[in-house]
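# Descriptive structure summary
The residues making up each chain are set out below.
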Amino acid sequence: SFIIALIGVIVPLVLGGFVSYFFISDSDSQMQILKSVFIGVVLTATSVSITVETLKELGKMNTPASNAILGAAIIDDILGIIALTIITSFADKSVNILFVLLKIVLFFVFAVILGIGMYMLFRWMNKNTKRDSRRHVIIAFAYCLVSAFVAEVFFGVADITGAYIAGLVLSMTNRKRYLENRFSTLSYMLLSPIFFACIGLTIEVPSLTTSLLIFAVLLT
């Protein structure tokens, strides 16, 4: 997964920056290069949400290949954040690289502590609330949302990364099959359509120029 992620960061960074250089006009050559590299860094991130939904549609969610793909997607998001911070620090001197890296480390420390606590809670619930399984779903969903929110707002890490780690913790509980069945219905019927609709609604078709269309084709 790490090798895939590393290649998935380097290739878009180099090729994306190279293509972008010819579409950016700036009197300052150094700033032009910096802007090109910035676009290359933006392209290094992988949408874990889209990847998950695509693998679900293909029926390949529980294969070794999907595990490698999702592992790489999470890792290259972290590498992308680090690269983006380094590039931003060149343009904005107020950005502290060490502080951002510290926040990323603290997020994983927080995720481990919270994950252990949730795992112990589910073990206790499994022994004492066997008849009422609905509580497991409600608490699991709340755990995913809180983990995603804290990752994004307090640590500057992508919210999907927080939710992904919550999913890893929940997959180690005895109720993982039950939770998976309930969540798949919720995701397929409500969450995923809203997610993709929001992405589509952010595209402003009238503002697309010929130059931007050519640029988009070359990037693709």
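Our structure's up above, just so we're on the same page.
As a starting point, this report considers the structure included with it. These numbers were taken from a predicted model, which means no experiment stands behind them. (Residues numbered from 1 in each chain as written. Predicted model: local features only at pLDDT ≥ 70, side-chain atom pairs only at ≥ 80, totals over all residues. Heavy atoms only, no water.)

A few words on the overall build of the protein chain. Counting its regular elements, the protein chain contains 9 helices and 0 strands. Starting at the N terminus and walking to the C terminus, you meet the elements of the protein chain as α-α-α-α-α-α-α-α-α. Each principal axis of the C-alpha distribution contributes one length, and for the protein chain these read about 70 × 35 × 30 Å. A burial count over the protein chain gives 31% of its 220 residues as buried. In the protein chain, 67% of the contacts between residues at least 6 apart in sequence involve partners at least 24 apart. Element-wise, carbon and sulfur atoms account for 71% of the exposed surface of the protein chain, whose accessible area totals about 14000 Å². In the protein chain, 15 side chains carry a positive charge and 12 a negative one; their mean positions are 21 Å apart. (Helix = DSSP H or I, 4+ residues; strand = E, 2+ residues; numbered from the N terminus. Buried < 20%, exposed > 50% of the residue type's maximum accessible area, 1.4 Å probe, protein only. Contact = heavy atoms within 4.5 Å. Areas by Shrake-Rupley, 256 points an atom, 1.4 Å probe, with all protein chains shown as cover. Lys, Arg positive; Asp, Glu negative; His and termini not counted. Charge placed at Lys NZ, Arg CZ, Asp CG, Glu CD.)

This part covers the environment of Ile50. Considering the arrangement of structural elements, one finds Ile50 in helix H3 (residues 48-58). Residues Ile50 and Ser25 lie 25 residues apart in sequence; the distance between their C-alpha atoms is 33 Å. Dropping the residues within four chain positions of it, Ile50 is found in contact with Phe195, Phe196 and Ile199.

With that settled, the discussion passes to the environment of Ile199. Structurally, Ile199 is set in helix H8 (residues 176-201). Residues Ile199 and Lys60, spaced 139 residues apart in sequence, show a C-alpha to C-alpha distance of 24 Å.

The next thing to look at is H8. In the structure, H8 departs most strongly from a straight axis at Ser187, where the bend amounts to approximately 50 degrees. Within the sequence span of H8, burial applies to Leu179, Phe183, Ser187 and Ser192. Where H8 is buried, its residues meet H3, helix H5 (97-128), helix H6 (134-155) and helix H7 (159-170). (Bend = angle between axes of the 7 residues up to and from the residue.)

So, about the packing of H6 against H8. Any two packed helices are characterised by how steeply their axes cross, that is the angle between the axes, and by the distance between the axes. Packing of H6 against H8 brings their axes to within 10 Å, and their N-to-C directions diverge by 55 degrees. As summarised for this structure, H6 and H8 are arranged oblique, according to the angle between their axes. The way H6 lies across H8 gives a crossing that is right-handed. Seen from H6, the contacting residues are Arg134, His136, Val137, Ala140 and Phe141; seen from H8, they are Tyr178, Leu179, Arg182, Phe183, Leu186 and Leu191. The residue inventory of the contact of H6 with H8, partitioned by class, reads 8 nonpolar, 1 polar and 2 charged. (Axes fitted to C-alpha atoms, helices over the stretch in contact; angles between N-to-C directions. Parallel < 35°, antiparallel > 145°, perpendicular 65-115°, else oblique. Left-handed = near helix turned anticlockwise from the far one by under 90°. Nonpolar A, V, L, I, M, F, W, Y, C, P; charged D, E, K, R; others polar.)

Overall, the coordinates contain 9 aromatic pairs when judged by the stated rule. Seen from their ring centres, Phe23 and Phe215 are 5.1 Å apart, and the 45 degrees between their planes marks the pair as tilted. Of the two residues, Phe23 sits in the loop between helix H1 (2-21) and helix H2 (29-42) while Phe215 sits in helix H9 (residues 210-219), which places them 192 residues apart along the sequence. The class of Phe215 is buried, set by a relative accessible area of 14%. Considering the side-chain rings of Phe107 and Phe108, the 5.2 Å spacing of their centres and the 65 degrees angle between planes classify their relative orientation as edge-to-face. Members of the aromatic cluster, connected to one another through ring pairs, are Phe107, Phe108, Phe110 and Phe155. (Phe/Tyr/Trp six-rings, centres within 6.5 Å; stacked < 30°, edge-to-face > 60°.)

On to the packing of H5 against H6, then. Two numbers describe how H5 lies on H6: the axes approach to 11 Å, and their chain directions differ by 170 degrees. Relative to H6, the element H5 is oriented roughly antiparallel. Contacts from Lys103, Leu106, Phe107, Phe110, Leu114, Gly115, Met118, Leu121, Phe122, Met125 and Asn126 of H5 reach H6 at Arg135, His136, Ile139, Ala140, Tyr143, Val150, Ala151, Phe154 and Phe155. Tallied by class, residues from the contact of H5 with H6 come to 15 nonpolar, 3 polar and 2 charged.

This part is about a nonpolar patch on the surface. Together, Phe2, Ile3, Leu6, Ile7, Ile10, Val11, Val14 and Leu15 make up an exposed nonpolar region whose accessible area comes to about 770 Å². Mapping Val14 onto the fold places it in helix H1. A relative accessible area of 52% places Val14 in the exposed class. (Patch = residues over 30% accessible without salt bridge, like charges linked within 9 Å, V, L, I, M, F, W, Y side chains within 5 Å. Salt bridge = Lys/Arg side-chain N within 4 Å of Asp/Glu carboxyl O.)

Another aspect to go through is the environment of Asn174. On the secondary structure map, Asn174 appears in the loop between H7 and H8. Between the C-alpha atom of Asn174 and that of Tyr119, which follows or precedes it by 55 residues, the distance is 9.9 Å.

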